[in-house]
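Listed below, chain by chain, are the residues.
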Amino acid sequence: MTGADEHEWVASLDTAAATRAEVGGKGVSLADLVAAGFPVPPGFAVTTAAYRRFVATSDLRAALATALAGIDAAKPAALETATAAIGRQFAAAPIPPAIAAAILHAYAAIGGPSQPVAVRSSATSEDLLENSFAGQQATFLNVSGDDALLDAVRRCWASLWTARASGYRHRMGVDADSAAMGVVVQTMIPADAAGVLFTANPITGDRGEMTIDAAFGLGEAVVSGLVTPETHVIDKANLRQMSFAPGGGEIAIVPTGGQGTVAQPIPTALRDERVLPDALREDLVRLGLRVERHAAGKPQDIEWAIADGKIWLLQARPIAALPPASMGDADWEPPEPGTIWIRRQVVEHMPAPLSTLFEDLYLGDALERSVDAVAAAMGLSDLFARLYARPYFATVNGYAYMRGNLDLNRQTIPALLRSLVAGPIWLFRYGVAAWRDEALPAYVATTGRQRQREPSVMSDAELLAGIHDLARADARYWFAAALAIGAAKLTDDLLDRFLMLAAPGRGLRASLFLRGFPSRALAAEAELEAMAARARTSEPVRAAIAAAPAARLLEALPDTPAGRALRDDIAAHLARYGHRIYSLDFAEPTLADAPLPVLVRLKRAVLDPDRGMEARRVAAARESDRLAEDAAASLDPLRRAVFLRLLDWARRYAPNREEALFFVGAAWPTLRGFAHELGRRLVAAGLLSTPDDVFFLAGAELDAAVAERTAGRRQVAFADLARERRALREARKRLHPPASSPPSSGFRLGPFDLAARESQRRNPAGAAVLHGFAVSAGRAVAPASVIRSPLEFDRMEPGTILVCPTTTPAWTPLLAQAGGLVTDIGGVLAHGSIVAREFGIPAVMGVGEATERIANGQTIAVDGDAGTVTLEAGALAT
């Protein structure tokens, strides 16, 4: 082998001329730091040319093309199967001798077989701000020996084709043929402490603050979320510490005596010590500022380690998805002067600011059509036209609201009173059947028909038409589903009010008697439990699950029959249940796109099995029946007869709520597939930056962009428009929308105060007892797990009280671990109230500012009978 051959396959990190195309994103970033004189562990990069030669000489190119042909990233089962097969082929392929020799020669130069090294993937598309590929590929720590190093390099190459990385690359419009993998090999730093430094606050977006997460041992414990690190917030102007939060971990990740790492207890003497003493913290902050200045002032995400008092930089990259700076005090005045708007009903399923396309197609068009269709079916079109001005829905600061005031006059009041009598009659006589026998089958048929179409062979016009068709189909289904939900709510209310009148002071609520029904949510839980039971029969699988963070569980599964079977089981589960939504906004991922709650729940079920969900359901049903018998026996004959009749009605309609909500958003995986395909075409035409920019164009703008592509023009700056709107939406996510607009108004029907029908209670500032809606009976006292978004799902601690903005169907696996539920928004109709009853946990919803007032880990008392949340004295969140 000549020196020239060797340099084709490996490159020293002190080679300033290295490019992203040659050594990948991580490699070029580290080479740049070395050239600038920063303390970086010695090492080298295996080039992308080596990867390409490996693929070519092992006949893997054809295998990749065959495995991925026609695979739709929106279909997780097929993607998992294809990528698992690719992984097995990579593992079996030999590294060409010339490349292996070059790698081992470079290894010898930094210590050779006796020198432990860290081996990290470095993809060509990794760490780009617009793609945020960081963390999509693999890392292997404390690798020593020639054979172990070559195996780790091969596994890094294979990680380019995991289901997670392949699906993400497909969604972001990165051409699979252009993807290549470099590998960084560096001397292993036996860290006493490690962590992450952000040169801007990644939570608030404040460029004037820096944050440090630190833990004892290797940094993998921090970046993987295995421990709660100690956290420092630093004032960038004067380098003073603004706040400090101690860590919560009792373990550290350390190198083993052989290969790999192990979690071991932190010595007792260190548990009360700060990971970062003041002097080291100040040195680290100054080093971080130097890195940011070197990066032309762009805020940086820096991984660091400290060994024997010396700070080492392990990686530095621009912070991905850094929130915009604070918007300050927002104006929540209504979109039309003198009107009232409220956040309830369908908009409860839109917790975040809306994307442009969703607001235009769904909120502004499809839902309006759906309201008109329901009014026509009920024979109330004329009344609706006189009571409500249009539109029915609008946004304030990007958040969805529905109109909350009616035009009441001498003509409309009598008609409204008649409808209040005729409406429920129609609802029970025709409405529920219309949902079950007409709307649901029609929606399933529409989504099924569109799902069979292959996006890549559809014309632009067909993709646009499919997006419109599916958006309108879901909106039609939503208000049909609302009929089933309304019937359940009405019978629930009747039973609840009767119990308060007939048995005052006894704590009898309707939710006590409406538990234990079979449901799809419980079936999904039972399926996960069965998967966990099978996983526990294989020690390698169980050990891999125990060692891996939930977010990386799929990649960590061993390539054994049991590991492949579990991977297939997860894919099949997501194919059945993965359409469930985090938000009704189709710009947001579905559970299949972001399966972290499933993986969190599966890991917990493997490591800490509890009584099965079906057994819990049966026990809840028996307890519900027992309570009903006791309640009936305690009433006089007349009240007993009324109670039993109302109970029968409530139990007849209650199961429809979860069944109806299960299908909401079922069209979104297909719609998102159409949108991303159209987005990829517009990216290729130079009209958009990323495929999901389509969600930040209005319908007419999207039509215009397609016309530009057809004509071969680029006259409109659609990419800039999408980028600005995306940034505005991200900034608005930090706002806390009030229950109504204007905030001082309330939901009223003429002289009648309907505040009890709002989706948020109004609690005074500083109150130690927060009031909300009592939706699931029972009481619980436990620490709170405050989870504000799906990105934080792995912070959920089993048995704690889940505190969150709201819950939608994709949150269901998380609720299975909770000891109670508290939400900012939502009432008895909300998904969380249904699932809380099914899981037998107390729930108080619509507290208003629970996620702002309650601190993570704070002990709270939830009373699902009284609808109160009592905060531990002296621990109110600020």
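Summary of the structure given here. (Residues numbered from 1 in each chain as written. Predicted model: local features only at pLDDT ≥ 70, side-chain atom pairs only at ≥ 80, totals over all residues. Heavy atoms only, no water.)

1. Comments concerning a nonpolar patch on the surface
Next up, step 1: Among the surface-exposed residues, Ile-413, Leu-417 and Leu-420 lie close enough to one another that they form a single nonpolar patch of about 280 Å² accessible area.
Next up, step 2: Following the sequence through the fold, Leu-420 ends up in helix α13 (residues 412-451). (Patch = residues over 30% accessible without salt bridge, like charges linked within 9 Å, V, L, I, M, F, W, Y side chains within 5 Å. Areas by Shrake-Rupley, 256 points an atom, 1.4 Å probe, with all protein chains shown as cover. Salt bridge = Lys/Arg side-chain N within 4 Å of Asp/Glu carboxyl O. Helix = DSSP H or I, 4+ residues; strand = E, 2+ residues; numbered from the N terminus.)

2. Some points on the sheet that holds strand β22 (residues 779-786)
Next up, step 1: Taken in spatial order, the eight strands make up an open sheet running β20-β27-β26-β22-β23-β24-β25-β21, and their pairing is mixed. At either margin of the open sheet sits one strand with a lone partner, and together these are β20 (769-771) and β21 (773-776). If you compare each strand with its neighbour and ignore which way they point, the axes differ by 30° on average.
Next up, step 2: Pairing geometry for β22 and strand β26 (residues 859-863), over five bridges, is antiparallel. Paired with Pro-783 across the strands is Thr-859, a residue of β26. (Pairing = 2+ DSSP bridges. Axes fitted to C-alpha atoms, helices over the stretch in contact; angles between N-to-C directions.)

3. What about helix α21 (residues 637-653)?
Next up, step 1: End to end, α21 covers 25 Å across 17 residues, agreeing with the expected 24 Å (1.5 Å per residue, within 8%).
Next up, step 2: If you check which residues of α21 are buried, you get Phe-643, Leu-646, Leu-647, Ala-650 and Tyr-653. Projection of α21 onto a plane perpendicular to its axis shows the buried side chains occupying an angular sector of 135°, all on one side. Among the exposed residues of α21, those pointing more than 90 degrees away from its buried face are Pro-637 and Arg-645.
Next up, step 3: Residues of α21 that are buried in the fold lie against α13, α14 (460-502), α20 (613-633) and α22 (655-662). (Expected span 1.5 Å × (residues − 1). Buried < 20%, exposed > 50% of the residue type's maximum accessible area, 1.4 Å probe, protein only. Arc of directions from axis to C-beta. Contact = heavy atoms within 4.5 Å.)

4. Brief notes about the sheet that holds strand β8 (residues 230-235)
Next up, step 1: Taken in spatial order, the six strands of this open sheet run β9-β8-β7-β6-β12-β13, and their pairing is antiparallel. In the strand order of this sheet, the two ends are held by β9 (241-245) and β13 (310-318), each with one partner. Direction aside, neighbouring strands of the sheet carry axes that sit 15° apart on average.
Next up, step 2: In this structure, strand β6 (residues 193-198) lies alongside strand β7 (residues 209-216), joined through six bridges in antiparallel fashion. Paired with Leu-197 across the two strands is Ile-212, which belongs to β7.
Next up, step 3: Along the sheet, helix α10 (residues 278-294) contacts β6, β7, β8, β9, β12 (300-307) and β13; its crossing angle with β13, the most-contacted strand, is approximately 35°.

5. Some remarks on the packing of α14 against helix α23 (residues 668-684)
Next up, step 1: Look at α14 against α23: their axes get within 9 Å of each other, and the N-to-C directions meet at 150°. Comparing the axis directions of α14 and α23 gives the class roughly antiparallel. By crossing handedness, the relation of α14 to α23 is classed as left-handed. Residues Asp-460, Leu-463, Leu-464, Gly-466, Ile-467, Leu-470, Ala-471 and Asp-474 of α14 lie in contact with α23, whose contacting residues are Trp-668, Thr-670, Leu-671, Phe-674, Ala-675, Glu-677, Leu-678 and Arg-681.
Next up, step 2: Split by residue class, the contact of α14 with α23 holds 10 nonpolar, two polar and four charged. (Parallel < 35°, antiparallel > 145°, perpendicular 65-115°, else oblique. Left-handed = near helix turned anticlockwise from the far one by under 90°. Nonpolar A, V, L, I, M, F, W, Y, C, P; charged D, E, K, R; others polar.)

6. Some words on helix α2 (residues 20-35)
Next up, step 1: The end-to-end C-alpha distance of α2, which contains 16 residues, comes to just 15 Å, noticeably less than the 22 Å that a straight helix rising 1.5 Å per residue would cover.
Next up, step 2: The largest bend along α2 reaches roughly 80° and is located at Lys-26.
Next up, step 3: Within α2, the full set of buried residues consists of Val-23, Gly-24, Gly-25, Lys-26, Gly-27, Ser-29, Leu-30, Ala-31 and Leu-33.
Next up, step 4: Downstream of α2 by one or two residues, Gly-37 has phi in the positive range, about 90°. (Bend = angle between axes of the 7 residues up to and from the residue.)

7. Side note on the environment of Ser-166
Next up, step 1: Structurally, Ser-166 is set in helix α8 (residues 163-171).
Next up, step 2: The class of Ser-166 is buried, set by a relative accessible area of 7%.
Next up, step 3: Distance from Ser-166 to Arg-713, taken between C-alpha atoms, is 31 Å for residues 547 residues apart in sequence.
Next up, step 4: When neighbours within four sequence positions are excluded, Ser-166 is seen to be in contact with Leu-79, Thr-83, Leu-160 and Trp-161.

8. Points about the packing of aromatic side chains
Remark: the centre distance and the inter-plane angle together describe each pair of aromatic rings, the angle taken between the planes.
Next up, step 1: Per the counting criterion, the structure on display carries 18 aromatic pairs.
Next up, step 2: With a centroid separation of 5.2 Å and 75° between ring planes, the pair formed by Phe-358 and Phe-586 is classed as edge-to-face. Placement of the pair is Phe-358 in helix α11 (residues 356-377) and Phe-586 in the loop between α18 (561-577) and α19 (596-607), with a sequence separation of 228 residues.
Next up, step 3: Ring centres of Tyr-362 and Trp-668 lie 5.8 Å apart, and the angle between their planes is 75°; this geometry places the pair in the edge-to-face category. Note that Tyr-362 is positioned in helix α11 and Trp-668 in helix α23, a separation of 306 residues in sequence.
Next up, step 4: Under the relative-accessibility criterion, Tyr-362 is labelled buried at 0%. (Phe/Tyr/Trp six-rings, centres within 6.5 Å; stacked < 30°, edge-to-face > 60°.)

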